Amino acid sequence: MAAVIDAAILAAIRARLDRALFVPAAGYRAFTIGETDVGCLDDARAARLAAFGPRYFHVGARRVVLDGRLDDPDARTDAIEDVVRTLRAEGALPGWRNERYRVANRFDERPLLHIERGAARYFGLRTWAAHVNGVAAGTMWFARRSHAKATDPGLLDNLVAGGIPAGMTVRAAMIKEAWEEAGIDTALAGTARAAGEVHVARALPDGLQRETILVHDLDVPAAFSPANQDGEAIAHRRVDLAEAARLIAVDGGDDEVTVDASVVVLDYLARHGEADAGGRLRAPDDV
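What counts and what doesn't
Residues numbered from 1 in each chain as written. Predicted model: local features only at pLDDT ≥ 70, side-chain atom pairs only at ≥ 80, totals over all residues. Heavy atoms only, no water. Helix = DSSP H or I, 4+ residues; strand = E, 2+ residues; numbered from the N terminus. Rg over C-alpha atoms; globule rule 2.2 N^0.38 Å. Buried < 20%, exposed > 50% of the residue type's maximum accessible area, 1.4 Å probe, protein only. Contact = heavy atoms within 4.5 Å. Axes fitted to C-alpha atoms, helices over the stretch in contact; angles between N-to-C directions. Left-handed = near helix turned anticlockwise from the far one by under 90°. Nonpolar A, V, L, I, M, F, W, Y, C, P; charged D, E, K, R; others polar. Salt bridge = Lys/Arg side-chain N within 4 Å of Asp/Glu carboxyl O. Phe/Tyr/Trp six-rings, centres within 6.5 Å; stacked < 30°, edge-to-face > 60°. Lys NZ or Arg CZ within 6 Å of the ring centre and 35° of its normal. Expected span 1.5 Å × (residues − 1). Pairing = 2+ DSSP bridges. Parallel < 35°, antiparallel > 145°, perpendicular 65-115°, else oblique.

A. Broad picture of the overall build of the protein chain. In terms of helices and strands, the protein chain carries seven helices and 13 strands. Against the 2.2 N^0.38 benchmark of 19 Å for 287 residues, the protein chain shows a C-alpha radius of gyration of 20 Å, consistent with a compact globule. Principal-axis analysis of the C-alpha atoms gives the protein chain an extent of 60 × 40 × 30 Å. A buried classification covers 52% of the 287 residues belonging to the protein chain. Considering only contacts in the protein chain between residues 6 or more positions apart, those separated by 24 or more positions represent 67%.

B. A look at the packing of helix α6 (residues 241-249) against helix α7 (residues 259-271). Packing of α6 against α7 brings their axes to within 10 Å, and their N-to-C directions diverge by 145 degrees. Note that α6 runs across α7; the crossing there is left-handed. Contacts from Leu241, Ala244, Ala245 and Ile248 of α6 reach α7 at Ser262, Val265, Leu266, Tyr268 and Leu269. Grouping the constituent residues of the contact of α6 with α7 by class yields eight nonpolar, one polar and no charged.

C. How the structure looks around the pattern of salt bridges. Counting across every chain of the model gives 24 salt bridges. As a salt-bridge pair, Arg145 and Asp157 come within 2.9 Å of each other at their nearest N and O atoms. Separated by 12 residues along the polypeptide, Arg145 in strand β8 (residues 139-145) and Asp157 in strand β9 (residues 156-158) bring together distant segments of the chain. With respect to burial, Arg145 and Asp157 carry one shared label: buried. Here Arg237 makes a salt bridge to Glu243, at a shortest N to O gap of 3.5 Å. Overlapping salt bridges, with partners in common, bring together Arg237, Glu243, Arg246 and Asp255 in one network.

D. Examining the packing of aromatic side chains more closely. The final tally for this structure, using the stated rule, is nine aromatic pairs. Among the aromatic side chains, those forming a connected cluster through ring pairs are Phe31, Phe52, Tyr56, Phe57, Tyr122 and Phe123. The ring of Tyr122 carries Arg45 above its face, with NZ or CZ at 5.0 Å from the centroid. When the ring centre of Phe107 is taken as reference, the NZ or CZ atom of Arg102 above it lies at 5.3 Å.

E. Fine view of helix α4 (residues 170-182). The first and last C-alpha atoms of α4 sit 17 Å apart over 13 residues, in line with the 18 Å expected at 1.5 Å per residue. If you check which residues of α4 are buried, you get Ala173, Met174, Ile175, Glu177, Ala178, Glu181 and Ala182. Where α4 is buried, its residues contact β7 (126-136), β10 (160-163), α5 (186-189), β12 (207-219) and β13 (233-240). Immediately downstream of α4, the backbone of Gly183 shows phi near 70 degrees, a positive value.

F. The arrangement of the sheet that holds strand β3 (residues 57-59) in detail. Across the sheet, four strands lie side by side as β2-β1-β4-β3; this open sheet has mixed pairing. The open sheet has two free edges, formed respectively by β2 (36-42) and β3, since each of these has just one partner strand. Averaged over all adjacent pairs, the angle separating strand axes in this sheet is 25 degrees, with direction ignored. The sheet contact formed by strand β1 (residues 28-33) and strand β4 (residues 63-66) spans three bridges and is parallel.

G. Geometry of the pairing of β4. Covered by surrounding structure in β4 are Val64 and Leu66 only, the residues Arg63 and Val65 on the alternate face being uncovered. With three bridges connecting them, β3 and β4 associate as antiparallel partners. Paired with His58 across the strands is Val65, a residue of β4. Hairpin connection of β3 to β4: three residues between the antiparallel strands.

H. Spotlight on the packing of helix α1 (residues 7-20) against α7. Orientation of α1 relative to α7, taken along the N-to-C sense of each, is 140 degrees, at an axis distance of 11 Å. In terms of their interaxial angle, α1 and α7 are classed as oblique. In this structure, the crossing between α1 and α7 has a hand that is left-handed. Along the contact surface, α1 presents Leu10, Ile13, Arg16, Leu17 and Ala20, while α7 presents Val259, Ser262, Val263 and Leu266. The residue makeup of the contact of α1 with α7, split by class, is seven nonpolar, one polar and one charged.

I. Spatial organisation of unusual backbone geometry. Residues other than glycine seldom take positive phi values, yet Asn98 does so here, at roughly 55 degrees. A positive phi angle, near 50 degrees, is found at Asp152, a position not held by glycine. Its place among the elements puts Asp152 in the loop between β8 and β9.

J. A look at the pairing of β12. In terms of residue burial, β12 counts as a mostly covered element, since 12 of its 13 residues are buried. With 10 bridges connecting them, β7 and β12 associate as parallel partners. Residue Asn133 lies in a different strand from β12, and its bridge partner there is Asp217. Looking at chain direction, strand β11 (residues 193-204) and β12 are connected through 10 bridges and run antiparallel.

This is how it looks when you write it as structure tokens:
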């Protein structure tokens, strides 16, 4: 199939994502548990962790190492919980969620510890999310995020998009988020097709995002109308694929789409022959 997305729009998408998916080449140290590097910390955050002392961290020029006496997942989780609650009290963690993420380098690995979701970027930890492209007859749905969201308030997002908390499978998280964010019942959500993964790495004010997004495509009925259940989406918008491409090229304003969702939409357009990814589809993930 010939690409139908205008070349100028595709160039604008690439330029926007090149600006957004940026991690400085220097100024980061590995966050290490035992012999395993699991995160990345900038120098300022490494210096703050050094102040907690050797009971928690050993801070060197190239890495921040969790104290070796914390030698099992429960002990590590308890120690990190002390640290992140202090950081929260200082205002360093704006997105507290009362939900934990698993800390590992692969989704199928036994976690080294669990950490409050809102602290993952502070430590530059690998996280996982499930996103769904809701599509119908050459159109795609977007959701507008609540203005009360700690991350990307008011921006457009994939129809379904959510982090995968500790103890939950990819499929269970996708089905849960589909109901909460768009009112999609289990029967329909269960027909979503796994479509691979994309990776996002970027420096943000609250730390370093290193996220693997498990992408799904879901065909919804032509008469489908999303209905948010949890207050995290305040409106929905259905557009044709050319307009979807235009939206992910927008940088600022009411039409801006989150970077995460933009990468997912670009992936969809490339997989379905609507755009030539030109070897630049996958976001850099080398930190």
